[in-house]
Amino acid sequence: MSIELKTKYGQIDISTEVIATIAGGAAIDCYGIVGMASKSQIKDGLTEILRRDNFTRGVIVRQENDEVQIDMYIIVSYGTKISEVAHNVQSKVKYILNKTVGLAVNSVNIYVQGVRVTNPL
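Okay, so let's go over this structure. Remember, predicted model here, so these are calculated numbers, not experimental data.

Reading the values: rules and limits
- Residues numbered from 1 in each chain as written.
- Predicted model: local features only at pLDDT ≥ 70, side-chain atom pairs only at ≥ 80, totals over all residues.
- Heavy atoms only, no water.
- Helix = DSSP H or I, 4+ residues; strand = E, 2+ residues; numbered from the N terminus.
- Buried < 20%, exposed > 50% of the residue type's maximum accessible area, 1.4 Å probe, protein only.
- Areas by Shrake-Rupley, 256 points an atom, 1.4 Å probe, with all protein chains shown as cover.
- Axes fitted to C-alpha atoms, helices over the stretch in contact; angles between N-to-C directions.
- Parallel < 35°, antiparallel > 145°, perpendicular 65-115°, else oblique.
- Left-handed = near helix turned anticlockwise from the far one by under 90°.
- Contact = heavy atoms within 4.5 Å.
- Nonpolar A, V, L, I, M, F, W, Y, C, P; charged D, E, K, R; others polar.
- Expected span 1.5 Å × (residues − 1).
- Arc of directions from axis to C-beta.
- Salt bridge = Lys/Arg side-chain N within 4 Å of Asp/Glu carboxyl O.
- Pairing = 2+ DSSP bridges.
- Right-handed = clockwise from strand over helix to strand, strands pointing away.
- Phe/Tyr/Trp six-rings, centres within 6.5 Å; stacked < 30°, edge-to-face > 60°.

What follows deals with the overall build of the protein. Counting its secondary structure elements, the protein contains three helices and seven strands. In the protein, buried positions account for 39% of the 121 residues. For the protein, the exposed area adds up to about 7400 Å²; of that, 49% sits on carbon and sulfur atoms.

What follows is the structure, given as structure tokens:
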């Protein structure tokens, strides 16, 4: 599946996997994020932190009419304010996708799948 962008020069098709990888990379850079989680972890009962090459398992990209919606499944760090972390992820993902791809995202839905205690160095 792909997202279609129409410009004055023609049409651009961007794979949803590419958008998911860019969105996951933007989310990982936010403070308070330990990693991305699999969207199917609820039925498995295990919280697995995804690597960069598997971000598509933790990000769902949908296009309905002319609206692009993204669902992200994340794991946050213990001791952070979850609502602030989620808001920062939403803002950064929208900004990065608009800056790199030129894609206007209507909504970024955050699903917190777990909280992890990180070891201080």
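The contact between helix α1 (residues 16–28) and helix α3 (residues 82–100) brings their axes to 9 Å, and the two run at 130 degrees. Classed by the angle they form, the pair α1 and α3 counts as oblique. Handedness of the α1/α3 crossing: right-handed. Note on element contacts: α3 touches α1 through V89, K92, V93, I96, L97 and T100, opposite I19, I22, A23, A26 and A27. Split into classes, the residues belonging to the contact of α1 with α3 amount to nine nonpolar, one polar and one charged.

So, on to the side chain of T16. Tracing the backbone shows T16 in helix α1. When residues no more than four places from it in sequence are discounted, the contact partners of T16 are M1, S2, I3 and V61.

Moving on: α3. Helix length check: α3, at 19 residues, gives a terminal C-alpha distance of 27 Å against a target of 27 Å (1.5 Å per residue), a fit within 8%. Residues of α3 that are buried include every one of V85, A86, V89, V93, I96 and L97, and no others. One side of α3 carries all its buried residues, which in axial view fall inside an arc of 105 degrees. Residues of α3 that are exposed and point more than 90 degrees away from the buried face comprise Y95 and K99. For α3, the elements touching its buried residues are α1, β3 (33–37), β6 (67–77) and β7 (107–116).

One pass over the full model with this rule turns up two salt bridges. In this structure, R62 and E64 form a salt bridge, with 3.7 Å as the shortest nitrogen-oxygen distance. The exposure class of R62 is partly exposed, given its relative accessible area of 26%. Between R62 and D71 there is a salt bridge, and its shortest N-O distance comes to 2.5 Å.

Once that is clear, we can look at the pairing of β7. Pairing between β6 and β7: nine bridges, direction parallel. Bridge pairing in β7 places I74 opposite V112. You can see the chain leave β6, run along α3 and come back into β7, and the turn it takes is right-handed.

A few words on the packing of aromatic side chains. In the structure shown here, the tally under the stated rule is one aromatic pair. Residues Y73 and Y111 carry aromatic rings whose centres are separated by 4.9 Å and whose planes lie at 15 degrees to one another, so their mutual orientation is stacked. Here Y111 lies in strand β7 and Y73 lies in strand β6, a separation of 38 residues in the sequence. Owing to a relative accessible area of 11%, Y73 belongs among the buried residues under this scheme.

So yeah, pure geometry; function would need other evidence.
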